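Each chain, written out:
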Amino acid sequence: MSAQFRQDFSVIANWIPFGAKVLDLGCADGSLLKFLEGSLEVKGYGIEKNDAHWLNTLKQGLNVIQMDLESGLSGFESQSFDVVVLSQTLQAIHNIEKIVYEMCRVGKEVIVTFPNFGYWRHRIQLIQGQMPVSKALPYEWYNTPNIHLCTIKDFDEFCIKNKIGIKERLILTYGKPIHFMPNLMGELAMYRLVSK
Amino acid sequence: MSEKNSVGLVKAKLAQFTKPLKLTSGKKLPSYTLAYETYGKLNAKKNNAVIVCHALSGNHHVAGRYKKDDKYPGWWDNLIGPGRPLDTDRFFVIGINNLGGCHGTSGSMSINPKTKKLWGSDFPIVTVEDWVNSQAALIDHLGIESLAAVIGGSIGGMQAMQWTLSYPKRVRHAIVIAAAPNLTAQNVAFNEVARQAIITDPDFYNGDYYRFKKKPKRGLRVARMLGHITYLSDDAMDSKFGRKLKNKNIEYSFDVNFEMESYLHHQGDKFAEEFDANTYLRMTRALDYFDPAIEYQGNLSKAFKKVEADFLVVSFTSDWRFSPQRSKEIVKALLDNELTVSYAEVTAEHGHDAFLMSDPHYHGILTTYFKKIANQL
């Protein structure tokens, strides 16, 4: 796990109340949930589609539900979780409007994090004529699972259009908050959302 | 799987109960016998016991062999043994033949203590709740207060669920595999066709065929053949048999011509020899009647309010008899009650029968979960 990923975790942890009921969408091997359980004693559930990831989450002693996020969260009651987290998974989802809507339905609060495609290093690679490859986006164009990359500006507009309130926004580069020209200087975007 | 991980040679045991068992139907079983087997050792804290519940045609012979040269081991042998997913070095495993069964437990083929004659058609209709109550009597008999887990597939999974409802304080984990919160209309329909095949067999004699030294074998055979079709997926049947012919030629007759037919006949014949028709009728009826949400206007989440156990729910993608969708209903009810639950949807082509296979991912899941339970002992 990269140092930056841990920074991501600690910010998420700052946004989650102690003992909260948390749903982590696309929980991978359950690292975030494990971290949240250890630090905040949350009642956590992960959702993971991939067999190997699913099993690794179970091995950590966590609750994990195997399902495809693309089919929505119909098995979850409205407002049944304190926080629903989508950590660095947004860019790999087909129907983003639907999943964000579903997250806001199920969670009293929603945390979304994604790699900022507008980060200056990505822009330079594009100017040089190639698709960006970086720590946050480690794939080549032909094998990337990331089909819906966006910039911070794009996501802000998405929230306005879909009537989603931004409670808090934090932009990080190498784990440090960025305040000056975040859409250019920021590598990782983190949002706390609530439905309006 | 190597024989060295087997539980080895095993013996069936019988437990007699003289305290009457009140049945869901309102009737009473004045006394009864349960056939059971155990593998592994009960630890000093008596907290490592696991009940393995059987499905429609199963029994208490879950693992190991009675004799060295037995052709087949117990029906879920690949799960149980030292170093296997349900590790008998850690757990004390109990297999029980359900009431109404035909392998030593009280049923139509046993003696009615009142009449001193075979129960026959008089043996009462029992339910999943009744089974669980009798299983609880058995663990009382074995001196076990609470179970580390109850595991089962299909109607065995329903029993595991029922345990958490009937005895919330006596079971810490339920492993519910290829099950459903109740049967769909289509499932009840399959069961009814199977029952009609048996009941309309001229050798059925209203369930008292023993007196005439007869067995409704034809009916039982058809019932089993129908069952087998529904336990397999279309794809599995296609890859196993396809349209292969038995003797390479189209024979223009109604004799066995396709491999598929040959398989069904074989399975049907074997089953009709070994199994009892009254048991088949009663097992399918117990399946039909299982519906814990019925007292709660169909609201399973309300039914699960009293549950305290942790759950592992597993379904198989190609299982159309107990589809993943039905397992998800169970998961939803558990989530609604903020219970501890994990759910796996295993990609498998074998249909409902997949729960008995030793697919590495599936067994990896069970191994992991049982390790978690073992670490809590």
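These figures come from a predicted structure and were not determined experimentally.

(A) Local environment of the overall build of chain B. For chain B, the helix and strand inventory stands at ten helices and 14 strands. Rg of the C-alpha trace for chain B: 20 Å, near the compact-globule value of 21 Å for 377 residues, within the 12% margin. Considering only C-alpha atoms, chain B reaches an extent of 65 × 50 × 50 Å along its principal axes. With 377 residues in all, chain B has 58% of them scored as buried. The long-range fraction of contacts in chain B, counting pairs at least 24 apart against all pairs at least 6 apart in sequence, stands at 72%. When the accessible surface of chain B is totalled, it reaches about 16,400 Å², and 53% of it is carbon and sulfur. Here chain B contributes 48 positively and 40 negatively charged side chains, and the mean placements of these two sets differ by 7 Å.

(B) Structural view of the packing of aromatic side chains. Evaluated as defined, the whole model comprises 25 aromatic pairs over all chains. Ring plane angle 15° and centroid distance 5.8 Å describe the contact between Phe114 of chain A and Tyr191 of chain A, whose orientation is recorded as stacked. Here the residue Phe114 of chain A occupies a position in strand β5 (residues 107-115), and Tyr191 of chain A occupies one in strand β8 (residues 188-195), the gap between them amounting to 77 residues. The same class applies to Phe114 of chain A and to Tyr191 of chain A, which are both buried. Where Trp76 of chain B meets Phe355 of chain B, the ring centres are 5.7 Å apart and the plane angle is 85°; that geometry is what we call edge-to-face. Taken together, the residues span a long stretch of sequence, with Trp76 of chain B in the loop between β5 (49-53) and β6 (80-81) and Phe355 of chain B in the loop between β14 (341-346) and α10 (360-375) at a distance of 279 residues. Through a chain of ring-to-ring contacts, the aromatic side chains of Phe114, Phe155, Phe158 and Tyr191 of chain A assemble into a single cluster. Above the face of the Phe81 of chain A ring, Lys21 of chain A is positioned so that its terminal group lies 4.5 Å from the ring centre.

(C) Molecular detail of the confidence of the model for chain A. Taken residue by residue, chain A gives an average pLDDT of 93. The fraction at 70 or more is 97%. The lowest-confidence element of chain A is helix α1 (residues 3-14) of chain A, averaging 76 in pLDDT; the highest-confidence one is strand β3 (residues 63-65) of chain A, averaging 98.

(D) Main features of helix α2 (residues 31-40) of chain A. Looking only at α2 of chain A, the buried set comprises Ser31, Leu32, Leu33, Leu36 and Leu40 of chain A. Just beyond α2 of chain A, the residue with positive phi is Glu41 of chain A, at close to 50°.

(E) Looking closely at the nonpolar core. Counting residues in hydrophobic clusters, the biggest one holds 150 residues, and the most contacted among them are Ile151 and Ile177 of chain B. Sequence-distant contacts of Ile177 of chain B, that is, excluding residues within four places in its chain, are made with Trp76, Ile151, Gly152, Gly153, Ser154, Gly157, Val314, Phe316, Phe355, Tyr362 and Leu366 of chain B. Ranked by size, the runner-up nonpolar core spans 20 residues in total, among them Val11, Ile16, Leu36 and Met190 of chain A.

Calculation notes
- Residues numbered from 1 in each chain as written.
- Chains lettered and ligands numbered in written order.
- Predicted model: local features only at pLDDT ≥ 70, side-chain atom pairs only at ≥ 80, totals over all residues.
- Heavy atoms only, no water.
- Helix = DSSP H or I, 4+ residues; strand = E, 2+ residues; numbered from the N terminus.
- Rg over C-alpha atoms; globule rule 2.2 N^0.38 Å.
- Buried < 20%, exposed > 50% of the residue type's maximum accessible area, 1.4 Å probe, protein only.
- Contact = heavy atoms within 4.5 Å.
- Areas by Shrake-Rupley, 256 points an atom, 1.4 Å probe, with all protein chains shown as cover.
- Lys, Arg positive; Asp, Glu negative; His and termini not counted.
- Charge placed at Lys NZ, Arg CZ, Asp CG, Glu CD.
- Phe/Tyr/Trp six-rings, centres within 6.5 Å; stacked < 30°, edge-to-face > 60°.
- Lys NZ or Arg CZ within 6 Å of the ring centre and 35° of its normal.
- pLDDT = per-residue confidence, 0-100.
- Core = buried A, V, L, I, M, F, W, Y, C linked by side-chain atoms within 4.5 Å.

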